[in-house]
Amino acid sequence: FFANQQRGLPLGQCPDNDGHNVDTMDGLVLPVGVALAGGSPDEAASCAAVTRSSPQLEQYSAVLATMLQGVIRTGELPSIVSRTAAAVGLSAGRLAASKSPMTA
């Protein structure tokens, strides 16, 4: 993003994806702020897209926002995580045994 900005590209064209570092966990930092402020899952995904060009990151941002807001609302971490995993076609056992798709 910032390298593109320095080259003079319009801000809307600055999000980038190097195929290695963009799709990582640090891309979820800004969407967490949106989720904690009560933004919608779509707003969290849009926030991720401001500095990253990654449809996968946008998808995970929306899921994370839904999960965080559910935990804050109910205080029930295990049940919210299980429901969220099921909603995206995963199980807790499968999650524990798999490699994270968000790591470089």
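Residues numbered from 1 in each chain as written. Predicted model: local features only at pLDDT ≥ 70, side-chain atom pairs only at ≥ 80, totals over all residues. Heavy atoms only, no water.

Caption draft 1: A look at the overall build of the protein. In terms of helices and strands, the protein carries six helices and zero strands. When the helices and strands of the protein are placed in sequence order, the string is α-α-α-α-α-α. When each of the 104 residues of the protein is scored for burial, the buried share is 29%. Of the contacts formed within the protein by residues at least 6 apart in sequence, a portion of 57% connects residues at least 24 apart. For the protein, the accessible surface area stands at approximately 6400 Å², while carbon and sulfur atoms represent 60% of it. (Helix = DSSP H or I, 4+ residues; strand = E, 2+ residues; numbered from the N terminus. Buried < 20%, exposed > 50% of the residue type's maximum accessible area, 1.4 Å probe, protein only. Contact = heavy atoms within 4.5 Å. Areas by Shrake-Rupley, 256 points an atom, 1.4 Å probe, with all protein chains shown as cover.)

Caption draft 2: Representation of the side chain of Thr84. Inspection of the secondary structure assignment puts Thr84 in helix 5 (residues 77-87). Owing to a relative accessible area of 14%, Thr84 belongs among the buried residues under this scheme. A polar side-chain atom of Thr84 sits 2.8 Å from the main-chain carbonyl oxygen of Ile80. Dropping the residues within four chain positions of it, Thr84 is found in contact with Val63 and Met67. (Polar contact = N/O pair within 3.5 Å; in protein donor to acceptor, adjacent residues only side chain to side chain.)

Caption draft 3: Region of the structure containing the environment of Gln5. Inspection of the secondary structure puts Gln5 in helix 1 (residues 2-6). Measuring from C-alpha to C-alpha, the distance between Gln5 and Pro15 comes to 9.0 Å, with 10 residues separating the pair along the chain. Those residues within four positions of Gln5 in sequence are excluded, and the remaining contacts are Leu11 and Cys14.

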